[in-house]
Amino acid sequence: MDSSDKREALQAFRIASLPPEFYYIPNFITPEEEASILDKIPAARWTHLSHRRLQAHPSTLTKTNTLLGAPLPSYLLAPIVERFKKLGIFDGTPHRGPNHVLINEYKRGEGIMPHEDGGAYAPVVATVSIGASICLDVSRKPTPSDDTTSLGASGAEEGAEEEEKGEEEYVLPTRIFQEPRSLLITTGPAYRDLLHGIALIEVDENLTPETVANWSLLGDRSLVEENGGRNERGTRVSLTYRDVLKVSSAASKVLGGLGKR
Ligand SMILES: O=C(O)CCC(=O)C(=O)O
Ligand SMILES: [Fe+2]
């Protein structure tokens, strides 16, 4: 497949009600793969934060957002990164593949404040969810123009051959429901212009086709439907794959230590 074929294949998974681009792929890994990955996450590597715990592979970025280049552990590579290649997810990033994975664990009731992922990475994040379902809250970044009344800022002109929707047609803020074993890809304007976070709640409520942006793409809606639109949270682990822009090799670090030329 060349990259346009790959892009075409991904279109079936695009979350159409959101700015470009989010893609949601249910059952990206099998239950066996999920269990095997969970088993291999090293217990000794966690950093405890106030509402979650975290580990970085192969290592934490330096203060200048530089990655000391090293291979990812094999349980994070196969089968996931091979599947990324087939989908061409990182074809457009500087290293043409992920070189960094953050593993987050959220116990029931835990979460992460709304934030953006920023400039240390190429604007592509691929998130594999493990263990339990959770809602990701997605909202617009506040802009300076939010303070002023913007008259005449109507969106797409009628008859324009715009394929993208006008800004105002996107339904925001909203939620993306992430099932265990699913993949969420965040890229482009969705990466740059939106905030994402996870509310500190034990139950996600009022989950419906209207309130969940990726409802039609879910692998199994019946659990939520049978539970009256509620998702009882459990412990959820996420693997967020990224391409760090600045990478230093161990060799260049040694040479750097000898004095840069
Ligand atoms: O756990 C998630 O899906 C989100 C994690 C996140 O936003 C981050 O690590 O920057
Ligand atoms: Fe994030």
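Cut-off values and rules
Residues numbered from 1 in each chain as written. Chains lettered and ligands numbered in written order. Predicted model: local features only at pLDDT ≥ 70, side-chain atom pairs only at ≥ 80, totals over all residues. Pairing = 2+ DSSP bridges. Helix = DSSP H or I, 4+ residues; strand = E, 2+ residues; numbered from the N terminus. Buried ≥ 20, exposed ≤ 12 C-beta atoms within 10 Å, placed from the backbone. Core = buried A, V, L, I, M, F, W, Y, C linked by C-beta atoms within 7 Å. Contact = placed C-beta atoms within 7 Å.

Peer 1: Just to check I follow, could you spell out the sheet that holds strand S14 (residues 236-242) for this structure?
Peer 2: In any sheet, the strands associate via hydrogen bonds between backbone groups, in a parallel or an antiparallel arrangement. The 7 strands are arranged S1-S10-S7-S14-S5-S3-S2 in an open sheet whose pairing can be described as antiparallel. Here the strands that pair on one side only, and so sit at the sheet edges, are strand S1 (22-25) and strand S2 (47-48). As paired elements, S1 and strand S10 (residues 183-187) share 4 bridges and run antiparallel to each other. Residue Tyr 24 lies in a different strand from S10, and its bridge partner there is Leu 184.

Peer 1: Is there a simple way to explain the environment of Arg 192 in this structure?
Peer 2: Among the secondary structure elements, Arg 192 is positioned in helix H5 (residues 189-193). For Arg 192, a count of 15 C-beta atoms within 10 Å translates into the label partly exposed. As a C-alpha pair, Arg 192 and Gly 118 span 74 residues in sequence and 7.5 Å in three-dimensional space.

Peer 1: Before we go on, may I ask you to explain the nonpolar core in this structure?
Peer 2: Counting 50 residues, the largest nonpolar core has Ile 15, Phe 22, Tyr 24, Ala 126 and Ile 176 as the members making the most contacts within it. Among the elements that make up this core, the one with the highest residue count is strand S7 (residues 124-130) (5 residues). In this structure Tyr 24 touches Phe 13, Ile 15, Ile 176, Ser 182, Leu 184, Asn 214 and Leu 217, once residues within four positions along its chain are discounted.

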